[in-house]
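A closer look at the structure
Here's the letter readout for the chains.
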Protein chains: 2
Amino acid sequence: MSYQIKGLLYEGKAKKIYETDNPDIVIMEYKDDATAFDGTKRGTIREKGIVNNKVSNHFFKLLESKGIPTHFVEEIDERRTAVKKVEIVPVEIIVRNIAAGSLCNRLGLEEGIVLKRPILEFCYKNDALHDPQINQYHILALELATEEEVDRIVEYSFKTNQVLREYLKEVNIDLIDFKLEFGRYKGNIVLADEISPDTCRFWDVNTKEKLDKDRFRRDLGNVEEAYKEVLKRLGL
Amino acid sequence: MSYQIKGLLYEGKAKKIYETDNPDIVIMEYKDDATAFDGTKRGTIREKGIVNNKVSNHFFKLLESKGIPTHFVEEIDERRTAVKKVEIVPVEIIVRNIAAGSLCNRLGLEEGIVLKRPILEFCYKNDALHDPQINQYHILALELATEEEVDRIVEYSFKTNQVLREYLKEVNIDLIDFKLEFGRYKGNIVLADEISPDTCRFWDVNTKEKLDKDRFRRDLGNVEEAYKEVLKRLGL
Ligand SMILES: Nc1ncnc2c1ncn2[C@@H]1O[C@H](COP(=O)(O)OP(=O)(O)O)[C@@H](O)[C@H]1O
Ligand SMILES: Nc1ncnc2c1ncn2[C@@H]1O[C@H](COP(=O)(O)OP(=O)(O)O)[C@@H](O)[C@H]1O
Ligand SMILES: [Mg+2]
Ligand SMILES: [Mg+2]
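Residues numbered from 1 in each chain as written. Chains lettered and ligands numbered in written order. Predicted model: local features only at pLDDT ≥ 70, side-chain atom pairs only at ≥ 80, totals over all residues. Heavy atoms only, no water.

1. A look at the site of ligand 1
Residues and elements named next belong to chain A. Taken together, 17 residues lie around ligand 1, and Lys13, Ala14, Lys15, His71 and Glu181 are the ones closest in. At 2.7 Å from an oxygen atom of ligand 1 is found a main-chain nitrogen or oxygen belonging to lysine 13. Separating a nitrogen atom of ligand 1 from a backbone N or O atom of aspartate 193 is a distance of 3.1 Å. The residue makeup of the shell around ligand 1 includes at least three contributed by each of domain 1 (5-84) and domain 2 (87-222). (Near = heavy atom within 4 Å. Polar contact = N/O pair within 3.5 Å; in protein donor to acceptor, adjacent residues only side chain to side chain. Domains from an automatic or database assignment.)

Structural data, given as structure tokens:
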């Protein structure tokens, strides 16, 4: 199918969203811009937009095939994808299998500790408040989502973890943690936004080498190479 | 019954816990010491220990009569109470009906906003980490409690809220929020620690005057008088 691109709907830190002639469809365009630490660190990762577009679409197609409804419609070109236009639920979901990042600081855990069970966290997507951590009761009290929607989001998040974890293991990648966003489309909750080295922590199973945005956050070098390596392992 | 007091088991910020000749029973002794803001503010509230002992025992008896198992055994004298010796679950539960305190800062809410539904929060009771906010998945992954225990704790916490809220309304007090601790006693979850003006926010229904530790935290004056007023309204 072809879509006629209309005006820019929203420009975020990593993507631009364009309206199309179809009111149910928007086009996501992935940029090379990188930010970290609540937007205080900024930079560019060459061809990141291309990697993230391809990787994310690959995962969304896989998840869709496993029964998780997603916003994915069709890849347009190497940086752009047509997705269902959703009303984003202003809650970010983080799923963690292995301790890393902010969890270690908050709970005094060593990076790399395997959690006894996956941890799911909710953050209120609100820049002015710096995306504070919340729980399901805050979501209901603030009416960010209904109880049924929260149940669905939790179910899809754990399922996504299971599917991606097994899949990545096959290509020698440990899925440490990742962030998801969900939206409402025609009354139903669907997985939206992106799943990429920007929004996940990927470690090589054997060397524990980081293949994700932590290379940019922590100035570890070989940032572009790490993104490309993920693309290669996925056979893309 | 009478208990022979043995050694001091633990001295906390607000209470001392003594062992007794009965291995299942400890004596809690309430002090007048007051601390706030993670222990950085310190002071004394005259006769606070007496008020808290009486108020807390009054609430525990009420809750026990409504079917919530508690550690309460018997009041010994004005500052001391015999309680079941429990293994404290290292998770503090906060239940909120009206926005106040840290919730307002975190979520950008105005103090006094009535929440659409009560909010329940979990904090990891860990001084070195400054009691970080956690959720049920952290509790399970860190094995701080089992799934069955979490379910029981949540059930008793909301029930406590309902019972105390209705009861306090009768004496013209709004229950804004409060903190609970639970323990394990012979394999079962029981409500432990204290419920007092130290651990609750109480506002006069009409004037919204604060009748709790916020008078100490925020240097509002008439601290002792506020604690005594709670005692008086409860007919103690
Ligand atoms: N299917 C969709 N429909 C509408 N908006 C979406 C969809 N998927 C993602 N979004 C939103 O588009 C924006 C993506 O741009 P991004 O650069 O990641 O933004 P941000 O800086 O907010 O992270 C985000 O606000 C995201 O919530
Ligand atoms: N029934 C009980 N058995 C054993 N310990 C208890 C019981 N009830 C409360 N405690 C614990 O006793 C201590 C009470 O003293 P407190 O001064 O409030 O301590 P803190 O400074 O840790 O808040 C707390 O650590 C509390 O968890
Ligand atoms: Mg984003
Ligand atoms: Mg205490």
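2. Some details on the pattern of salt bridges
Tallying each qualifying case throughout the model produces 68 salt bridges over all chains. A salt bridge links aspartate 177 of chain A to arginine 201 of chain A; the shortest N-O distance between them is 2.9 Å. Separated by 24 residues along the polypeptide, aspartate 177 of chain A in strand S11 (residues 173-185) and arginine 201 of chain A in strand S13 (residues 200-204) bring together distant segments of the chain. Take aspartate 177 of chain A and arginine 201 of chain A: they sit in the same class, and that class is buried. Among the salt bridges present, the one from lysine 186 of chain B reaches aspartate 24 of chain B, with a minimum N-O distance of 2.9 Å. (Salt bridge = Lys/Arg side-chain N within 4 Å of Asp/Glu carboxyl O. Helix = DSSP H or I, 4+ residues; strand = E, 2+ residues; numbered from the N terminus. Buried < 20%, exposed > 50% of the residue type's maximum accessible area, 1.4 Å probe, protein only.)

3. Concerning the domain arrangement of chain A
All names here are of chain A. Examined at the domain level, chain A breaks down into domain 1 (5-84) and domain 2 (87-222). Computed over C-alpha atoms only, the centres of domain 1 and domain 2 are separated by 17 Å. With 31 residues of domain 1 at the contact, the number on the domain 2 side is 26 residues. Across the contact surface, domain 1 and domain 2 share five salt bridges. In this structure, glutamate 194 and lysine 15 form a salt bridge, with 2.7 Å as the shortest nitrogen-oxygen distance. The tally of links between domain 1 and domain 2 comes to 17 residue pairs in polar contact (both at pLDDT 80 or more). Among the secondary structure elements, those contributing two or more residues to the side of domain 1 that touches domain 2 are strand S3 (25-30), strand S4 (33-36), strand S5 (41-44) and helix H1 (48-65). (Contact = heavy atoms within 4.5 Å.)

4. Let's talk about the relation of the copies chain A and chain B
Of the two same-sequence chains, chain A is brought onto chain B (RMSD 0.0 Å, axial shift 0.0 Å) by a rotation of 180 degrees. Classification of the inter-copy transformation places it as that of a two-fold axis. Nearest to the rotation axis, the C-alpha of asparagine 135 of chain A is located 3.2 Å from it, this being the minimum over chain A. Taken together, the interface assignments show that 97% of the residues at the interface of chain A recur at the interface of chain B, consistent with an identical surface on both copies. (Least-squares fit on C-alpha atoms with pLDDT ≥ 70 in both.)

5. A word on the UniProt feature "domain: SAICAR synthetase/ADE2 N-terminal" (unreviewed entry) in chain A
This chain's UniProt record puts "domain: SAICAR synthetase/ADE2 N-terminal" (unreviewed entry) on residues 8-233 of chain A. Counted over residues 8-233 of chain A, helix gives 30% and strand 37%. Its end C-alpha atoms are 33 Å apart. (UniProt positions renumbered as here; feature names shortened; annotations may be inferred.)

6. A word on the site of ligand 2
Residues and elements named next belong to chain B. The environment of ligand 2 is formed by 17 residues, the closest being Lys13, Ala14, Lys15, His71 and Glu181. One of the side-chain N or O atoms of lysine 15 is found 2.7 Å from an oxygen atom in ligand 2. Contact with the protein chains hides 89% of the accessible area of ligand 2, taken as 550 Å² for the molecule alone. Among the elements of the structure, strand S2 (15-20) and strand S7 (80-84) are those that each provide at least two residues to the shell around ligand 2. Per-class residue counts for the shell around ligand 2 are eight nonpolar, two polar and seven charged. Here the shell around ligand 2 spans two domains, and each of domain 1 (5-84) and domain 2 (87-222) adds at least three residues to it. (Areas by Shrake-Rupley, 256 points an atom, 1.4 Å probe, with all protein chains shown as cover. Nonpolar A, V, L, I, M, F, W, Y, C, P; charged D, E, K, R; others polar.)

7. Quick word on the sheet that holds strand S2 (residues 15-20) of chain A
All names here are of chain A. On the basis of which strands lie adjacent, the open sheet formed by five strands has the order S1-S2-S3-S7-S6 and antiparallel pairing. The open sheet has two edge strands with one neighbour each: strand S1 (5-11) and strand S6 (72-77). When strand polarity is set aside, the average angle formed by the axes of neighbouring strands in this sheet is 30 degrees. The pairing of S1 with S2 spans four bridges and is antiparallel. Bridging across to S2, glutamate 11 finds its partner in lysine 16. (Pairing = 2+ DSSP bridges. Axes fitted to C-alpha atoms, helices over the stretch in contact; angles between N-to-C directions.)

8. Details of the interface of chain A and chain B
Contact residues are listed per partner, giving 29 residues for chain A and 28 residues for chain B. For the chain A and chain B pair, buried surface summed over both sides reaches about 2400 Å², with 61% attributable to carbon and sulfur atoms. Between chain A and chain B we count eight residue pairs in polar contact (both at pLDDT 80 or more) in total. Elements supplying a minimum of two residues to the side of chain A that touches chain B: helix H2 (102-107), strand S9 (114-124), strand S10 (133-134), helix H3 (136-141) and helix H4 (147-169) of chain A. Per element, the largest residue contribution to the side of chain A that touches chain B is eight residues, and it comes from S9 of chain A. Split by residue class, the side of chain A that touches chain B holds 17 nonpolar, six polar and six charged. (Buried area = accessible area lost by both parts, 1.4 Å probe.)

9. Side note on the packing of H1 of chain A against helix H6 (residues 223-233) of chain A
Residue and element names in this part refer to chain A. For the pair H1 and H6, the least separation of the axes is 10 Å and the interaxial angle reads 30 degrees. What the angle tells us is that H1 and H6 run roughly parallel. As for the relative orientation of H1 and H6, their crossing is left-handed in sense. Contact with H1, carried on its side by Lys48, Val51, Asn52, Lys54 and Val55, involves Tyr227, Lys228, Val230 and Leu231 of H6 and no other residues of that element. (Parallel < 35°, antiparallel > 145°, perpendicular 65-115°, else oblique. Left-handed = near helix turned anticlockwise from the far one by under 90°.)

10. What about the packing of aromatic side chains?
For the structure on display, the rule yields six aromatic pairs over all chains. Seen from the ring of phenylalanine 216 of chain A, lysine 41 of chain A lies directly overhead, with NZ or CZ sitting 5.3 Å from the centre. (Phe/Tyr/Trp six-rings, centres within 6.5 Å; stacked < 30°, edge-to-face > 60°. Lys NZ or Arg CZ within 6 Å of the ring centre and 35° of its normal.)

11. Let's talk about the sheet that holds S7 of chain B
Across a sheet, paired strands are connected by hydrogen bonds in the backbone, their directions being either parallel or antiparallel. Residues and elements named next belong to chain B. The strand order across the open sheet formed by five strands is S1-S2-S3-S7-S6, and the pairing between neighbours is antiparallel. One side of each edge strand has no neighbouring strand; the edge strands of this open sheet are strand S1 (5-11) and strand S6 (72-77). Between one strand axis and the next, the sheet turns through 30 degrees on average, direction left out of account. Bridging between S6 and S7 involves four bridges; their strand directions are antiparallel. Bridged to glutamate 75 within S7 is threonine 81. Across the sheet, helix H1 (residues 48-65) touches strand S3 (25-30), S6 and S7, and the angle it forms with S6 is around 150 degrees.

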